[in-house]
Amino acid sequence: NLEHGELEDKVPEFLYDFSERLPWSEEDKILWQMRFIEGAAPMDIAERFGRPRSWIDNRYSRLNRRFNRAIKTWWKNNSE
């Protein structure tokens, strides 16, 4: 029952907190957070990490699949 403005604050806060609890490296957490939550451009992330864009895209894709599995499990355990 949150209003739109409250959702804009709470959702990113939840996503940061949730992703920080995943058993990922710090680099993976930052990459996923920058891309998924902040919407950073892949080229900007590639420059920050000193990696090719293709590596960023592949790594993000793998991390996002892992995130989706984790969030589905969390939802199943907490939605009742």
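Further up the page is the structure itself.
Quick caveat: nothing in here was measured; it's all calculated off a predicted structure. (Residues numbered from 1 in each chain as written. Predicted model: local features only at pLDDT ≥ 70, side-chain atom pairs only at ≥ 80, totals over all residues. Heavy atoms only, no water.)

Visitor: Just checking my understanding: could you explain the nonpolar core for this structure?
Guide: Across soluble globular proteins, nonpolar side chains have a tendency to be buried as a group. With 16 residues, the main nonpolar core has W24, L31, W32, I45, F49, I56 and F67 as its most contacted residues. Sorting the residues of this core by element identifies α1 (4-20), α2 (26-37), α3 (42-49) and α4 (53-78) as the ones contributing at least two each. Considering each element in turn, this core owes the most residues, 5 residues, to α4. The residues contacting W32, other than those within four sequence positions of it, are L15, S19, W24, I37, Y60, L63, N64 and F67. (Core = buried A, V, L, I, M, F, W, Y, C linked by side-chain atoms within 4.5 Å. Buried < 20%, exposed > 50% of the residue type's maximum accessible area, 1.4 Å probe, protein only. Helix = DSSP H or I, 4+ residues; strand = E, 2+ residues; numbered from the N terminus. Contact = heavy atoms within 4.5 Å.)

Visitor: Where do I start with the side chain of S19 in this structure?
Guide: Along the chain, S19 turns up in helix α1. Owing to a relative accessible area of 0%, S19 belongs among the buried residues under this scheme. Looking at S19, its side chain comes within polar contact range of the main-chain oxygen of L15, at 2.9 Å. Not counting residues up to four positions away in its chain, the partners in contact with S19 are K29, W32 and Q33. (Polar contact = N/O pair within 3.5 Å; in protein donor to acceptor, adjacent residues only side chain to side chain.)

Visitor: Is there a simple way to explain the packing of α1 against α4 in this structure?
Guide: When two helices pack together, you describe them by how their axes are tilted relative to each other and by the distance separating the axes. Here α1 crosses α4 at 105°, and the two axes come no closer than 12 Å. The orientation of α1 relative to α4 falls into the category roughly perpendicular. Here F14, L15 and F18 of α1 lie close against α4, whose contacting residues are F67, A70, I71 and W74. For the contact of α1 with α4, the residue count by class is 7 nonpolar, no polar and no charged. (Axes fitted to C-alpha atoms, helices over the stretch in contact; angles between N-to-C directions. Parallel < 35°, antiparallel > 145°, perpendicular 65-115°, else oblique. Nonpolar A, V, L, I, M, F, W, Y, C, P; charged D, E, K, R; others polar.)

Visitor: Honestly, a positive patch on the surface in this entry has me stumped. Any pointers?
Guide: On the surface, a cluster of positive charge is made up of R62, R65, R66 and R69. Within the fold, R65 resides in helix α4. (Patch = residues over 30% accessible without salt bridge, like charges linked within 9 Å, V, L, I, M, F, W, Y side chains within 5 Å. Areas by Shrake-Rupley, 256 points an atom, 1.4 Å probe, with all protein chains shown as cover. Salt bridge = Lys/Arg side-chain N within 4 Å of Asp/Glu carboxyl O. Lys, Arg positive; Asp, Glu negative; His and termini not counted. Charge placed at Lys NZ, Arg CZ, Asp CG, Glu CD.)

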